[in-house]
Amino acid sequence: MGKVKIGLGEFFCLTILFELGTALVVNLGMESGRDAWLSILLGCVAGLIVFSGYAYLYRKQPDLPFTTYTRKLLGKYIGTPVALAYIILYINLAARDLRDGSSMLAMATMHNTPLFILSTLMLLSGAYVLHKGIEVLGRTSMVFAVVVMLIGLFGTLMLMLSGSINLNRLLPVLENGIQPVLASVIHQNYMFPFGEMVCFTMLMPYLANVKKGPWVIAAAMLFSALLLSFTMALNISVLGEDIVERSPLPLMPTISKISISDFIQRVDIFVVMVLIIGVFFKMAVFFAAALVGISELFRMPYRRMLYPCALIILFTSMLDARSFIEHLDEGGTLLYRVYPYFMVVIPVVLVIVTAVRDHFSAPRPG
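In this report, the structure presented in the accompanying data block is examined. (Residues numbered from 1 in each chain as written. Predicted model: local features only at pLDDT ≥ 70, side-chain atom pairs only at ≥ 80, totals over all residues. Heavy atoms only, no water.)

Check the secondary structure of the protein chain and you find 14 helices and 0 strands. Order of helices (α) and strands (β) in the protein chain, N terminus to C terminus: α-α-α-α-α-α-α-α-α-α-α-α-α-α. Over its C-alpha atoms the protein chain spans a radius of gyration of 21 Å, differing by no more than 12% from the 21 Å that the globule rule assigns to 366 residues. Overall, the protein chain is about 75 × 45 × 35 Å in size when its C-alpha atoms are taken along their principal axes. In the protein chain, once contacts between residues fewer than 6 apart in sequence are set aside, the share between residues at least 24 apart is 83%. Here the protein chain has roughly 16,300 Å² of accessible surface; of this, 68% comes from carbon and sulfur atoms. Taken together, the 26 basic and 21 acidic charged side chains of the protein chain have centroids lying 13 Å from each other. (Helix = DSSP H or I, 4+ residues; strand = E, 2+ residues; numbered from the N terminus. Rg over C-alpha atoms; globule rule 2.2 N^0.38 Å. Contact = heavy atoms within 4.5 Å. Areas by Shrake-Rupley, 256 points an atom, 1.4 Å probe, with all protein chains shown as cover. Lys, Arg positive; Asp, Glu negative; His and termini not counted. Charge placed at Lys NZ, Arg CZ, Asp CG, Glu CD.)

Moving on: the side chain of E10. Among the structural elements, E10 can be located in helix α1 (residues 8-20). Buried E10, no salt bridge; nearest opposite-charge side chain is R139, N-O distance 4.3 Å. Within the structure, E10 has its side chain in polar contact with the backbone nitrogen of G7 (distance 3.2 Å). With residues up to four places along the chain from it excluded, the contact list for E10 reads G138, R139, S141 and M142. (Buried < 20%, exposed > 50% of the residue type's maximum accessible area, 1.4 Å probe, protein only. Salt bridge = Lys/Arg side-chain N within 4 Å of Asp/Glu carboxyl O. Polar contact = N/O pair within 3.5 Å; in protein donor to acceptor, adjacent residues only side chain to side chain.)

Attention now moves to the environment of L93. Turning to its location among the elements, L93 is positioned in helix α4 (residues 76-108). Accessibility expressed as a relative area gives 3% for L93, which makes it buried. When the C-alpha atoms of L93 and G278 are compared, they prove to be 14 Å apart, with 185 residues separating the residues in sequence.

We now examine the packing of helix α2 (residues 36-60) against helix α8 (residues 213-239). Where α2 contacts α8, the two axes come as close as 9 Å, and the packing angle between them is 165°. The angle between the axes of α2 and α8 places the two elements in the roughly antiparallel class. Remark: the crossing between α2 and α8 carries right-handed chirality. Residue composition of the contact of α2 with α8, grouped by class: 21 nonpolar, 2 polar and 1 charged. (Axes fitted to C-alpha atoms, helices over the stretch in contact; angles between N-to-C directions. Parallel < 35°, antiparallel > 145°, perpendicular 65-115°, else oblique. Left-handed = near helix turned anticlockwise from the far one by under 90°. Nonpolar A, V, L, I, M, F, W, Y, C, P; charged D, E, K, R; others polar.)

A few words now on unusual backbone geometry. That bond from L171 to P172 is cis: its omega, -5°, falls within 30 degrees of zero. Checked against the element boundaries, P172 lands in the loop between α6 (134-162) and α7 (179-194). Of the consecutive residues F192 and P193, the connecting peptide bond is found in the cis state with omega at 5°. With respect to the helices, strands and loops of the structure, P193 is situated in helix α7. Although it is not a glycine, R299 adopts a positive phi angle of roughly 55°. Note on R299: relative accessible area 65%, which makes it exposed.

Okay, the packing of aromatic side chains next. One pass over the full model with this rule turns up 13 aromatic pairs. Their ring planes at 70° and their centres at 5.2 Å tell us that F18 and F286 sit as a pair that is edge-to-face. Pair noted here: F18 is in helix α1 and F286 is in helix α11 (residues 269-298), with a separation of 268 residues, a long-range link. Considered together, F18 and F286 belong to a single accessibility category, that of buried residues. (Phe/Tyr/Trp six-rings, centres within 6.5 Å; stacked < 30°, edge-to-face > 60°.)

Our focus in this paragraph is the packing of helix α3 (residues 66-74) against helix α14 (residues 339-361). A pair of packed helices can be characterised by two numbers: the angle between their axes and the separation between those axes. Contact geometry for α3 and α14: axes closest at 11 Å, N-to-C directions at 55°. As the angle between them shows, α3 and α14 are arranged oblique. Considering how the two elements wind past one another, α3 and α14 form a crossing that is left-handed. Contacts between α3 and α14 involve F66, T70, K72, L73 and L74 from the former and P347, L350, V353, T354 and R357 from the latter. For the contact of α3 with α14, the class distribution of residues is 6 nonpolar, 2 polar and 2 charged.

Laid out in structure tokens, this is it:
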């Protein structure tokens, strides 16, 4: 895969679909109540600060994925276990997103379809695209990014014409102060979905433009945050804070409010389409990151491990939890107590090591 190059437009669309993922349809940031839209924006700011560390490391080693320069900076005996831990992390995140998507799809429409069938079909479609190549995933994202934008535009326009939007439900802003907003950012929003961009450190070596690439990805993160913030504000203004907080998929009842002259109704299928597209790309990016790490660590073609890795993801997803509630509780614990070590602590250590090595290896005048 060393000769693979992905264009800036493809990376921009891939980043948007990855960030939207399942975050677009769930009650993101509702720990801060009606100020959820604000906590998402602040979470993006924190996420961009974290991503700047990834970009710094990428510019120092533009041809190496994260797991490779981890071994280079930390040495064989420390770097190899750390690289292996990241591969396990990407597999775990792919499995969790697969479980998220299949469970939400079962709740939304396919009530009698077994989760195993839904998960298998989603995973096989992702494995097929990755078998064709990571650049194919990038090209595919450009098509589906347009589809998601058109669905969002159509849904917003129909809600406006239906008269379902009441902006007074967003007021007053910061009624309980800034504390709930900051708590939401710390517990969730900076890590989900923005901190998960650590997996892009495995794909950034395939950027066609080293200089502009990180800026394009950062712009896509900001654009995604604006979309997520707007969607949460829309949900609250249509349904109200209480209903959004209790609903696992608030976008579904929001869209169901569309009714124009008893002619345009029941457009919930568009939410299901957005859910399937988001889960597919988020799971596929984590899957691709794991495959790149395995290929670099064990020196083998990534296609050889594609389907064995897919089986591991599938069964990890099915055995993850006994119920969706347990799955969400486990995810909240991991998001707050485990993932920050991989997404913040270790990258900060690598940034410090890189800066120190550059300082002492720089030529001295005279």
